[in-house]
Amino acid sequence: MWTFSPDAAGFAEQAEAFLRTDPAVNTVPLTVLAGLRDGMPGVDDSCFGWWSEYGEVTGAVFHTPPRPFYVARMPLAAVPSLVEELRARGMKTPEIAGPVELVDAFLAASGATAARRRPERLYRLGTLAVPEVPGKGRRADMGDFPLVVNWFDAFVAEVSLGPDGDMAERAQRRIARGDIVLWEDGDAPVALAGISPEAAGMCRIGPVYTSPSSRRRGYGAAVTAYASQVALADRCTMAVLFTDLDNPTSNSVYQSIGYEPVSDYAFVVLEPVP
C-alpha cells in the first residue's frame, strides 16, 4: 500500500528507518532528508511516498522539483501499484531516476518511453589510494563564491539532462556549510568537489568538476581523494559517489583511488504524453 505526503518530516518518521538499513544504496533520499534538516530550502510541490506491507515500510519514492521523480529501493511488485497511484492522483513524472531495475520496471508498467537516458553507477570507497598529483586541497570560502557558482553551472551544463535549481543559492549554502573543497596548483583552483551532509554514517561526494583547461592532469582524482579524506575525517564512516557510465574516464579515475562498484542506476527523461 502506498501513502503520500507533502511533508518531509512525516516521510522521515515513516520511512527513514527503512532507508537507513542500506545507506549506500539509499544515498539519494537519505541525503535529501539530511540536507533539508541542515537548511536546504524546501520545495512547495514536493511529494514523498512510502510503500508498506503488513505494517512494515519496504519502499520509498520522492519528488523535489525541478529534480526528477526518484524511486528508492522497493520490491519490484510495488512498482505497478506505484504507477496506478500516481495516475489516480494525477501526478506527472516527466523525469525519473533510481536503481536501474526499478526505473525499467516503472517504464514497463507505465508504458512510458525514454526520450533521453543517462546510465549511472554507484561506487563506495574501499581503501583510499591518494594519488601523487601536484598541488594541495583546501575548503572553499566565500571568496571562492563566483568561481563555485560558475563551476556548478558548467557541471550542470555538461552532465545534466534538465534544470537543477538555483546554483547561486546552492553554492552559498554549501560553501557556508563547508561542503565544497578545491584543489589548487600554483595557488590557482583547478578542480572542485562537494561533500554531502552525513546521513546514517554515509556522505556522498559530488559534484566533481575540473576546469576544461586543467583536465587530464590527475586533478579530478586528487580533489576526489581530498574530499573523501575530509568527509571521513569530519563527517562520516562511508563515502560514496555516482558516475556517468557513458564516461569511461571518470569511472576509471574513481576506481584508481579505491572506489568500488555497488549497483547501477538510471536517469531518464520521458517522452511527453500526447
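Residues numbered from 1 in each chain as written. Predicted model: local features only at pLDDT ≥ 70, side-chain atom pairs only at ≥ 80, totals over all residues. Heavy atoms only, no water.

Caption draft 1: Spotlight on the sheet that holds strand β1 (residues 2–5). Pairing is mixed across the open sheet formed by 12 strands, whose spatial order is β1-β2-β3-β4-β5-β12-β6-β11-β10-β9-β8-β7. A strand with exactly one partner marks an edge of an open sheet, and here the two such strands are β1 and β7 (136–139). The sheet shows a mean angle of 25 degrees between the axes of neighbouring strands, taken without regard to direction. Bridging between β1 and strand β2 (residues 47–53) involves four bridges; their strand directions are antiparallel. Residue F4 lies in a different strand from β2, and its bridge partner there is G49. (Pairing = 2+ DSSP bridges. Helix = DSSP H or I, 4+ residues; strand = E, 2+ residues; numbered from the N terminus. Axes fitted to C-alpha atoms, helices over the stretch in contact; angles between N-to-C directions.)

Caption draft 2: Here's a closer look at the nonpolar core. Counting 29 residues, the largest nonpolar core has F11, L19 and Y70 as its most contacted members. Those elements that provide at least two residues to this core are α1 (8–19), α2 (27–37), β2, β3 (56–63), β11 (238–244) and β12 (259–270). Beyond its immediate stretch of four places on either side in the chain, F11 contacts E16, L19, L33, F48, G49, W50, A60 and V61. Of all hydrophobic cores here, the second largest spans 26 residues; its members include I195, A222, A225 and A239. (Core = buried A, V, L, I, M, F, W, Y, C linked by side-chain atoms within 4.5 Å. Buried < 20%, exposed > 50% of the residue type's maximum accessible area, 1.4 Å probe, protein only. Contact = heavy atoms within 4.5 Å.)

Caption draft 3: View of the packing of aromatic side chains. This structure, assessed with the given rule, holds 10 aromatic pairs. With 6.4 Å between their ring centres and 20 degrees between their planes, F48 and F62 make a pair best called stacked. In this pair, F48 is assigned in strand β2 and F62 in strand β3, connecting sequence segments 14 residues apart. What makes F48 buried here is its relative accessible area of 2%. The class of F62 is buried, set by a relative accessible area of 5%. Among the aromatic residues, those joined into a ring-pair cluster are F11, F48, W50, F62 and Y70. (Phe/Tyr/Trp six-rings, centres within 6.5 Å; stacked < 30°, edge-to-face > 60°.)

Caption draft 4: Spatial organisation of the side chain of R174. By secondary structure assignment, the location of R174 is in helix α6 (residues 167–176). According to the relative accessible area criterion, R174 is buried, its value standing at 10%. A polar atom in the side chain of R174 sits 3.0 Å from the backbone oxygen of I195. Apart from the residues within four sequence positions on either side, R174 is in contact with F152, D179, I180, G194, I195, S196, G206 and P207. (Polar contact = N/O pair within 3.5 Å; in protein donor to acceptor, adjacent residues only side chain to side chain.)

Caption draft 5: Quick look at α2. In terms of residue burial, α2 counts as a mostly covered element, since nine of its 11 residues are buried. Those residues of α2 that fall on the buried side of the exposure criterion are T27, V28, P29, L30, T31, V32, L33, A34 and G35. Those residues of α2 that are buried lie in contact with α1, β3, β4 (69–71), β6 (114–125), β10 (202–210) and β11. Looking at the residues trailing α2, positive phi occurs at G39, about 110 degrees.

Caption draft 6: Structural context of α1. Under the 1.5 Å per step criterion, the end-to-end length of α1 is only 14 Å for 12 residues, more than 12% shorter than the ideal 16 Å. Where α1 is concerned, the buried positions are A8, G10, F11, A12, A15, E16, F18 and L19. On its buried face, α1 is in contact with α2, β2 and β3. Near the N-terminus of α1, the side chain that reaches the backbone nitrogen of A9, with its oxygen 3.2 Å away, is that of D7. (Expected span 1.5 Å × (residues − 1).)

Caption draft 7: Geometry of unusual backbone geometry. Following P65, the chain continues to P66 via a peptide bond in cis, the omega torsion being 10 degrees. The omega angle of the peptide bond from G206 to P207 is 0 degrees, so this bond is cis rather than trans. Structurally, P207 is set in strand β10. The backbone of D187 sits at a positive phi, close to 65 degrees, despite the residue not being glycine. Relative to the elements of secondary structure, D187 occurs in the loop between β8 (180–185) and β9 (188–195). The phi torsion at R216 lies on the positive side, around 65 degrees, for a residue other than glycine. The residue R216 is located in the loop between β10 and α7 (219–234) in this model.

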